[in-house]
Amino acid sequence: MSAIASFGRSRGRDEADQQHGQQHRGKGKRARTAAPSCMTEPPSFMPDVFGRERHRRRRIHQEQGEGAASAAAAPQGGADSNDSDDDFAADTEFDVLNDTMAAFLHLRDVFPVDKFEYRLPPMVLKHQLYTVVPDRTVADRELDYLLAKRRLRIIQLDSHSCDVLLTCEDYDVHVQRLFRLSETAATGNDATPSQEASSSALSAKQKHQVETSREILERFLTMLATKDRPGAIGITHAELEAQSFTTATINVLVQHGLLTRRSRADFWISLPNAGVFLKHLRKGRTEVLHAIARTKFKEIAQSKLEKRALRGCKLSAAYIINDMLGLQTVLAVPTSSGNLLRAPPKE
């Protein structure tokens, strides 16, 4: 009986094991058959790109429809609103700050106006822009845009392509300030009462000349602000005559330093007291070249030279270095500790 009982127990275990194996095989089969159906479904993290595109297009069409309906409902004859929109667009375009304008403003802050006792406006040499904007094509294109928009004014100081840039506002303020100083000196407002009594007749004549000169000056500044070629550095005698400037009035402009005779029939648009600037500019260039030549290896760190005070020159060393780098009379060699300044090799 014991043998029969043990045989029954072993047979029961075998049947249980067989049923358990069948259950496992069934689960694996169901998993294998269900896998293809799961793979056909899109992943849940996939963005609904096309749905978003449809929503975006639907929203644009709705906005366009609302804009057309509001335009149709607006009263006719709205010329003022259109003009204001055009003016706003023009002002927005006018105030765009490109790389060249940012470079100009940076270099303009380096100009030491106080050392010149405010007898010169803050100005930047044209080739100095190339030290900040290395792509000269981009710099020239953006500069032409700024000149056309009358943001800047270009003036040629001498015949060696020394072009300076300054804002139109700075130019007008500088000219008016110098004229007020000359007006004070001509009319003798600071003279004593005895001197005024002795020269009353002469002062009346001088006051008349000053008033005439002031009128000529205001007409000239207005002409520059409205001329057809805002970026031109010169003006012809015929253009001046077309603006009712006679030979006598042109001579007044030449005396005040606003015009420089280029030829018999042409003039440069000039800057009063420009000779003072050119004098210190040449001295500064000479001082920088001497500082490089006095070193052992004929090179000097730019950061070290910028901290020096140039003898006999009111312009800062940083201003002169930017000038010479733009002219390529000095070369900058980049190193891990900053730029080294060297004189160009002699050809």
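The preceding data block contains the structure.
Cut-offs applied
Residues numbered from 1 in each chain as written. Predicted model: local features only at pLDDT ≥ 70, side-chain atom pairs only at ≥ 80, totals over all residues. Heavy atoms only, no water. Salt bridge = Lys/Arg side-chain N within 4 Å of Asp/Glu carboxyl O. Helix = DSSP H or I, 4+ residues; strand = E, 2+ residues; numbered from the N terminus. Buried < 20%, exposed > 50% of the residue type's maximum accessible area, 1.4 Å probe, protein only. Pairing = 2+ DSSP bridges. Axes fitted to C-alpha atoms, helices over the stretch in contact; angles between N-to-C directions. Expected span 1.5 Å × (residues − 1). Parallel < 35°, antiparallel > 145°, perpendicular 65-115°, else oblique. Contact = heavy atoms within 4.5 Å. Nonpolar A, V, L, I, M, F, W, Y, C, P; charged D, E, K, R; others polar.

1. Quick notes on the pattern of salt bridges
The full count for this structure, using the stated rule, is six salt bridges. Between D323 and R285 there is a salt bridge, with its nearest N and O atoms 2.6 Å apart. On the criterion of sequence distance, the pair formed by D323 in helix α13 (residues 317-327) and R285 in helix α11 (residues 274-293) is long-range, its members being 38 residues apart. In this structure R285 comes out as partly exposed when scored by relative accessible area, which is 23%. Shared partners join several salt bridges into a network, and the residues in it are E287, R294 and R311.

2. Quick look at the sheet that holds strand β4 (residues 234-236)
Here we have three strands laid out as an open sheet, ordered β4-β6-β5, and antiparallel in their pairing. Strands at the two margins of the open sheet, each flanked by one partner only, are β4 and β5 (259-261). Across the sheet, the axes of successive neighbouring strands diverge by a mean angle of 35 degrees, strand direction being ignored.

3. Some points on α11
Along its 20 residues, α11 runs 29 Å from first to last C-alpha, staying within 8% of the 28 Å computed at 1.5 Å per residue. Of all the positions in α11, only A274, F277, L278, H280, L281, G284, E287, V288, A291 and I292 are classed as buried.

4. A closer look at the pairing of strand β6 (residues 266-269)
Summarising the sheet, β4 and β6 pair through three bridges and their orientation is antiparallel. From the neighbouring strand, G234 faces β6, where its bridge partner is W268. Here β5 folds back onto β6, and the loop between the two strands holds four residues.

5. A word on the packing of helix α4 (residues 99-108) against helix α5 (residues 136-148)
Running from amino to carboxyl end, α4 crosses α5 at an angle of 85 degrees, the nearest separation of the two axes being 8 Å. The angle between α4 and α5 places the two elements in the roughly perpendicular class. Taking contact as the criterion, the partners of D99, T100 and M101 in α4 are, on α5, V138, A139, E142, L143 and L146. Per-class residue counts for the contact of α4 with α5 are five nonpolar, one polar and two charged.

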